[in-house]
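So the chains spell out like this:
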Amino acid sequence: MKLNQNLSTLIILIIGLLIFLFIGTKAYVSSFTTDESFSYLNYVEETFMQIITFSNWYTNNHILNSLSMKYAEMVLGSSELALRLPNLILLLVYMVYSYYIFRGKNAILRISLFLLLCTNVLLIDLFGLARGYGLSCGFMLMSLYHFIKYNNESKRIDLYLFHLAALLAILSSFTLLTFYASTLLVFNIISFINQRIVKDESFHFFRTNKVHLIPFIVLTIILYEPVRRVITHSNLNFGGKDGFFNDTVAHLIWNATHHTYLSPLLLILLQIVFTLLILIPFGIIVKNGINKNRDFFENQKGLLILNFTIIIISVIIVSQHFVLKADYPIGRFSIFLFPLFIIHFGFFVNYLLGTKNKQVALSIVSILAVMSSLSFVKRANLYSAAEWGFDSRTKEMIEVLSRLHDLEEDPSKSIQLGIHELFEPTVNFYRVTKDLNWLLPVDRNGIEISDDYFYIFEVDYYKVKDIKHKIIKQFEDTQTLLIKRTKSN
């Protein structure tokens, strides 16, 4: 069946609305996580200048997210939904630009790529959290779209929107510095190709880059101090210490496959496939460059831009490791590579649609989109986020504890809760935002025999076995226990 553009747009709109409603509901009902809570407790009370200059240099301070939480609380209060609302708004931005980037392309390709970009549980979940990762991916796609558009149409508005969105992406997560740096280098490569191959003119570096001068200076002024503090004080611990392929590429694959178990052999095979999906288009680009195929470079700028961007980002990541001793990005630190890779894949498939491999390419991308959608339906849930799953029942635990306190004979009695250190930020977040004055502040020092209640992992149950107690509630999905001390020892 051949879809027309209007029908494919309607299908994308319905899919996007359903995804947004799901993530919006999740942002409303799910527990705040430890990283969200740490940001709230440590940065929301800071001034604008303290946040923007990264005066509290710990990398948990995603600058734009901290500012968003600060002003969202001023206007809407401190509910989970209010504090997460800026990320939800950026989910709309992310979906809109996921649509715009492939607007006008083959209808089946557009739907398939929208599904691949928007049904990845690990990525989409981030838009339901008050962290910088969702913000950064939303602004990155906005920046990328206007960068591609500027290279095609040379409109100044697209140039300024590219720089603005890139700035906001970096302020959301400093890992996006690699994206911005790579796109500036790609701009010069594309300009060189346009002038030397397409127009057969000489290339002038300074004349080419003067359009970027003012936006670049503005970005440098804004980013200088926070970036300096990161480089000076942070160990750039992104988690990966085993190499670019073993860490970053492997995590790109795990993110793309929704953390499906992969045998060592299958992982190696997929590393080869993912690498070839970059190198084969690069080879096609080089071949057309040698042949001075002007039509290719005029019509396939999206493929050129994404291919060069991913290659340069990879080079920067490896260089950072050797020069700055930075870890290779893994997990949520590498999640921004997933939409870049999918968009590159989309432009490669779009190129193949002009060859005899059209039906094979459309079939592959359609199958992958269906698989991603089915995985989303299977894995998505309203309460747990991948890297913070241990906190998914902390909010419910607090609600149970509050009901127990209401039943106390003396409601003015203070309660001391002993916890595993991972729960400290979130418990204190709810203590502050829900005005639970009867609950004493918790710390990271572990449990004490004098604690009134305990909230621990089941594996730590041995720590309380010699204390007279009663298990109030067992949370099976997080394997945690809420326990009440019943008698002094």
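Being a predicted model, the structure only gives us computed values, none of them experimental. (Residues numbered from 1 in each chain as written. Predicted model: local features only at pLDDT ≥ 70, side-chain atom pairs only at ≥ 80, totals over all residues. Heavy atoms only, no water.)

A. Just the layout of surface pockets, in detail. As a volume, the second largest pocket reaches approximately 720 Å³. Lining of the second largest pocket is provided by 25 residues; of these, Leu116, Phe274, Phe345, Ile364 and Leu368 occupy positions nearest its centre. Among the elements of the structure, helix H14 (264–290), helix H17 (337–352) and helix H18 (358–379) are those that each provide at least two residues to the lining of the second largest pocket. Sort the elements by how many residues they give to the lining of the second largest pocket and H18 lands first, with 8 residues. Its residues assigned to classes, the lining of the second largest pocket comprises 18 nonpolar, 6 polar and 1 charged. (1 Å grid on protein atoms, 1.4 Å probe; cavity = no way out; pocket = protein on both sides within 12 Å on 5 of 7 lines; lining within 4 Å. Points joined across faces, edges and corners; volume = space filled by probe spheres on them. Helix = DSSP H or I, 4+ residues; strand = E, 2+ residues; numbered from the N terminus. Nonpolar A, V, L, I, M, F, W, Y, C, P; charged D, E, K, R; others polar.)

B. Spotlight on the pairing of strand S6 (residues 480–485). Burial within S6 is extensive, with 5 of its 6 residues counted as buried. Across 5 bridges, the pairing between strand S4 (residues 453–457) and S6 is antiparallel. Looking at the pairing, Tyr455 lines up with Leu482 of S6. Here strand S5 (residues 469–475) runs beside S6; their pairing, made up of 6 bridges, is antiparallel. When the bridges of S6 are listed, Phe475 appears paired with Thr480. (Buried < 20%, exposed > 50% of the residue type's maximum accessible area, 1.4 Å probe, protein only. Pairing = 2+ DSSP bridges.)

C. Geometry of the sheet that holds S5. Taken in spatial order, the 4 strands line up as S3-S4-S6-S5 in an open sheet, and their pairing is mixed. Each edge of the open sheet carries a strand with a single partner, namely strand S3 (417–419) and S5. For this sheet the average axis-to-axis angle between neighbouring strands, irrespective of direction, equals 20°. With respect to the sheet, helix H19 (residues 394–406) is in contact with S3, S4, S5 and S6, its orientation differing from that of S5 by roughly 140°. (Axes fitted to C-alpha atoms, helices over the stretch in contact; angles between N-to-C directions. Contact = heavy atoms within 4.5 Å.)

D. Representation of the side chain of Ser112 in the model. Mapped onto the secondary structure, Ser112 falls in helix H6 (residues 107–118). The buried category is assigned to Ser112, whose relative accessible area is 5%. Only 2.8 Å separates the side chain of Ser112 from the backbone oxygen of Ile108, close enough to count as a polar contact. Leaving out residues up to four positions away in the same chain, Ser112 has contacts with Val365, Ser366 and Ala369. (Polar contact = N/O pair within 3.5 Å; in protein donor to acceptor, adjacent residues only side chain to side chain.)

E. How the structure looks around the packing of aromatic side chains. Counting across every chain of the model gives 27 aromatic pairs. Seen in terms of ring centroids, Phe162 and Tyr180 are 6.0 Å apart; in terms of plane orientation they differ by 35°. Their pairing is tilted. A residue pair is termed long-range when its members are at least 10 positions apart, and Phe162 in helix H9 (residues 156–172) and Tyr180 in helix H10 (residues 177–198) qualify at 18 residues. For Phe162, a relative accessible area of 1% puts it in the buried group. For Tyr180, a relative accessible area of 5% corresponds to the buried category. A connected cluster of aromatic rings, assembled from ring pairs, spans Phe390, Phe423, Tyr455, Phe457 and Phe475. (Phe/Tyr/Trp six-rings, centres within 6.5 Å; stacked < 30°, edge-to-face > 60°.)

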